[in-house]
Amino acid sequence: MTIDTTNMCSHLQRKLFSPDGEYRAILVQIETDPTLTAVVRSRQLHIYRDGKKILVLAGKSAPKIIRDDKLNQLV
C-alpha cells in the first residue's frame, strides 16, 4: 500500500518517512500488513484495520488511539 502525501503535514511526513522517524515502525507495519489501510484526512494519517479506525497520527500533536490494537504498542 502506498500513502498519498500531497495533503499530509510536513511534520508528519518527517516522522513517517525519515529513517530515524518515530513513526517509521508504524509505516513498515502498514506496508506489510494487508489488513491495515491508511488515509490522509485533514493533514493527519487515519489508520484502519478491517475497516475500523484504530489510530490517528498528527504531525505536532500526540497520536489519538481510537481502539485497542497491537499497532498501538509501536507508538
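Higher on the page you've got the structure.
To keep things clear, this report deals only with the structure shown in the data block. (Residues numbered from 1 in each chain as written. Predicted model: local features only at pLDDT ≥ 70, side-chain atom pairs only at ≥ 80, totals over all residues. Heavy atoms only, no water.)

**Focus on helix α2 (residues 24-32)**
Okay, step 1: All of the buried residues along α2 are Ile-26, Leu-27 and Ile-30. With its buried residues spanning 100° around the axis, α2 presents them on a single face.
Okay, step 2: Turning to α2, the residues buried within the fold contact α1 (10-17), β1 (36-41), β2 (44-49) and β3 (52-57). (Buried < 20%, exposed > 50% of the residue type's maximum accessible area, 1.4 Å probe, protein only. Helix = DSSP H or I, 4+ residues; strand = E, 2+ residues; numbered from the N terminus. Arc of directions from axis to C-beta. Contact = heavy atoms within 4.5 Å.)

**Description of the pairing of β3**
Okay, step 1: Examined bridge by bridge, β2 and β3 share five bridges and lie antiparallel to one another. Counterpart to His-46 in the pairing with β3 is Val-56.
Okay, step 2: In this structure, the hairpin formed by β2 and β3 is closed by a connection of two residues, where Asp-50 is found at a positive phi of approximately 55°.
Okay, step 3: Note that β3 and strand β4 (residues 64-65) share two bridges and pair antiparallel. Considered in β4, the bridge of Val-56 is made with Lys-64.
Okay, step 4: With antiparallel pairing between neighbouring strands as the criterion, β3 and β4 make up a hairpin whose turn holds six residues. (Pairing = 2+ DSSP bridges.)

**What to know about the pattern of salt bridges**
Okay, step 1: As enumerated under the stated definition, the model contains three salt bridges in all.
Okay, step 2: Ionic pairing is found between Arg-49 and Asp-33, a salt bridge with its closest N-O pair at 3.0 Å. Residue Arg-49 is located in strand β2, and its partner Asp-33 is located in the loop between α2 and β1; the two are separated by 16 residues in the primary sequence. Each member of the pair, Arg-49 as well as Asp-33, is classed as buried.
Okay, step 3: Several salt bridges share partner residues, and in doing so they unite Asp-33, Arg-49 and Asp-69 into one network. (Salt bridge = Lys/Arg side-chain N within 4 Å of Asp/Glu carboxyl O.)

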